[in-house]
Amino acid sequence: MRLSLGRHVFGLAAILFGVITLVWRDFNNWQQIQALGNVPHREILVYLAAAIEIFGGVAIQFRKTARDGALVLGCLYLAFALLWVPRIAAEPRVYDRWGNFFEQFSLVSGALIVYGALSGSESEQPPLAARLGYIFFGICVVSFTLEQVFYLAGTASFVPKWIPPGQMFWAITTTIAFALAAIALLARRSALLAARLLTLMIIGFGLLVWLPAPFADPHKIISWAGNAQNLAIAGAALIVADFLRHTSFSEGSTDC
């Protein structure tokens, strides 16, 4: 099964994450280790994470090493996702904690699809890892919807003021779009179209919201890491679209 463009974008985002981590010598807003407390020699973990992201990002670009790249990236992103769990437990009513978990878990889902889809299986049914990654990604899109619902005013503030008809209009519209995409993906009805439109919307976020950020404030890590995070999620969404394009999984069979 060919998963080309999605994994290339996904890998590029991982490389970008690694470079940003090396330049700032610190973890970014999404990839945090606060749950570990005051870790001695923290810089070792910083450099290790950066090395894994760069190695995984490069490896996933090539067919022969793509599964290895997907495996190491998936494990790293899973670690970052799980490190949000203690903060969820401490503040279960603050959805931002849940949202950060699922943003990282959406990257795990993308890596899982690549790892499974490139297994070389001759079965007509996609490998279990790929199918699980697809379902997990759909659940993550549900979280994207809820995050915008709970922080609608904050979402609106990200929309450039010059875009008509207004910031709140686009906050509501993109929230509805996330919800429709989640339903289509999980129900496996028009899933390929939903994945493609979702990818386009996320790319739009990158171009309109995150791309200008380094020019406005180049000295903040979030300005750069936001671009990497957005690109990585776009890559994961594109991996889902690639997966659906090459399988019959979007036809709504009852098997997992």
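Reading guide: rules and limits
- Residues numbered from 1 in each chain as written.
- Predicted model: local features only at pLDDT ≥ 70, side-chain atom pairs only at ≥ 80, totals over all residues.
- Heavy atoms only, no water.
- Helix = DSSP H or I, 4+ residues; strand = E, 2+ residues; numbered from the N terminus.
- Rg over C-alpha atoms; globule rule 2.2 N^0.38 Å.
- Buried < 20%, exposed > 50% of the residue type's maximum accessible area, 1.4 Å probe, protein only.
- Areas by Shrake-Rupley, 256 points an atom, 1.4 Å probe, with all protein chains shown as cover.
- Lys, Arg positive; Asp, Glu negative; His and termini not counted.
- Charge placed at Lys NZ, Arg CZ, Asp CG, Glu CD.
- Phe/Tyr/Trp six-rings, centres within 6.5 Å; stacked < 30°, edge-to-face > 60°.

A. Region of interest: the overall build of the protein chain. Summing up its helical and strand segments, the protein chain has eleven helices and zero strands in all. Helices (α) and strands (β) of the protein chain occur, in sequence order from the N terminus, as α-α-α-α-α-α-α-α-α-α-α. Expected size for 256 residues packed as a compact globule is a radius of gyration near 18 Å; at 18 Å, the protein chain falls within 12% of this value. With 256 residues in all, the protein chain has 48% of them scored as buried. Summing over all exposed atoms, the protein chain offers an accessible surface of approximately 12400 Å²; the carbon and sulfur share of this is 68%. Separation of charge centres in the protein chain, based on 17 positive and 14 negative side chains, amounts to 3 Å.

B. Quick look at unusual backbone geometry. Following Pro164, the chain continues to Pro165 via a peptide bond in cis, the omega torsion being 5°. Relative to the elements of secondary structure, Pro165 occurs in the loop between helix 7 (152-158) and helix 8 (167-187). Notably, His41 is not glycine yet its phi reads approximately 55°, a positive angle. Topologically, His41 is positioned in the loop between helix 1 (5-24) and helix 2 (42-59). Even without glycine at this site, Arg188 takes up a positive phi of about 55°.

C. View of the packing of aromatic side chains. With the rule as written, the count across this model stands at 13 aromatic pairs. Here the aromatic rings of Phe178 and Phe205 are separated by 6.0 Å at their centres, their planes lie at 55°, and the arrangement is tilted. Here the residue Phe178 occupies a position in helix 8, and Phe205 occupies one in helix 9 (residues 191-210), the gap between them amounting to 27 residues. The class of Phe178 is buried, set by a relative accessible area of 5%. An aromatic cluster is built from Phe101, Phe102, Phe105 and Phe136, whose rings are joined through pairwise contacts.

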